[in-house]
Amino acid sequence: MIQAITIHLENGTKLHWDFEFSVHGTMRLTNVFLSGVPEWIKLENYQCPACTLDPEESPTCPVAEVLGKYAHDLADHKSFEKVKVEVFQKDQQPFTLSNVPLQRVVGELVRLAAFQYECPIGRKIKPAMAELPPFPTNDEILEAFARAFAEESDDGELNSDEVALLEDLHDLFGNLSVRLDQVGRGDAHLNGVVILHSLSVLFSLSAPELIGRINLDVDND
């Protein structure tokens, strides 16, 4: 489980982000904002139709709240910029990734924020996503989607509830894109959301095949 990451930008700038996790594995970002809350982070600003949070009790979108600091730090950076990433995990040795496109870094932050924080939509497939290693490949993310939906599907076909959940996920990433489009002149913070959105759409189109592979692996075991 990721506890912190440090990224080294090409211009020599170093950014360090710490995460905290509750005993249940829910992510909390430390010191997101010292004062004030930007409009794009408020829950009522592009709240997802399936979101069950009450603005009176939860005035900010939990995913946007987590992404707020990243969006501020990376607001003027481009997706294609290459960075070095140091990853710190609980009870494991830190490791370093080199020449990582900045949009992939943001994509990982979006994955953590959407599926391991307090989003009532993302929480529904948290167990499958939480099993992934840091900075998983696109194929590993698609496999996690398949595992999340395989148990309830009928021979790989999604039932009505699963189809509705995927539509809710599409809304989640679509609304995040609209929120982040209001931040800065760069595109790194925005394209990280687009990556997850695209993968969720790709899973929707290929769910029977991907779930079939999961079920075949189980049968072979």
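Residues numbered from 1 in each chain as written. Predicted model: local features only at pLDDT ≥ 70, side-chain atom pairs only at ≥ 80, totals over all residues. Heavy atoms only, no water.

Engineer: Could you give me a rundown of the environment of Gly 12, with the residues and numbers involved?
Structural biologist: Here Gly 12 shows up in the loop between strand E1 (2-8) and strand E2 (14-21). Each C-alpha atom of the pair Gly 12 and Val 83 lies 9.8 Å from the other, and the pair is 71 residues apart in sequence. (Helix = DSSP H or I, 4+ residues; strand = E, 2+ residues; numbered from the N terminus.)

Engineer: Go over the pairing of E1 with me, naming the residues and quoting the values.
Structural biologist: For E1, a buried count of 5 out of 7 residues is recorded, marking the element as mostly surrounded by other parts of the structure. When E1 meets strand E4 (residues 82-89), the two strands line up antiparallel, connected through 6 bridges. When the bridges of E4 are listed, Ala 4 appears paired with Phe 88. (Buried < 20%, exposed > 50% of the residue type's maximum accessible area, 1.4 Å probe, protein only. Pairing = 2+ DSSP bridges.)

Engineer: How would you summarise the nonpolar core if you had to cite specific residues and measurements?
Structural biologist: In this structure, Ile 7, Val 105 and Phe 203 are the most contacted members of the largest nonpolar core, which totals 68 residues. Counting residues per element, this core draws most heavily on helix H6 (residues 188-220), which supplies 10 residues. When sequence neighbours within four positions are dropped, the list of residues in contact with Ile 7 reads Thr 13, Lys 14, Leu 15, Trp 17, Leu 74, Lys 84, Val 85, Leu 102 and Val 105. (Core = buried A, V, L, I, M, F, W, Y, C linked by side-chain atoms within 4.5 Å. Contact = heavy atoms within 4.5 Å.)

Engineer: Summarise the pattern of salt bridges; cite the residues concerned and give the values.
Structural biologist: Tallying each qualifying case throughout the model produces 4 salt bridges. Between Arg 111 and Glu 108 there is a salt bridge, with the nearest N and O atoms lying 2.8 Å from each other. Of this pair, Arg 111 and Glu 108 both sit in helix H2 (residues 102-115), 3 residues apart, roughly one helical turn. A relative accessible area of 5% places Glu 108 in the buried class. When the shortest N-O distance is used, the salt bridge between Glu 143 and Arg 147 registers 2.9 Å. Here Glu 143 pairs with Arg 147, and both are found in helix H4 (residues 138-150), just 4 residues apart, close to one helical turn. (Salt bridge = Lys/Arg side-chain N within 4 Å of Asp/Glu carboxyl O.)

Read these as spatial facts, not as claims about activity.
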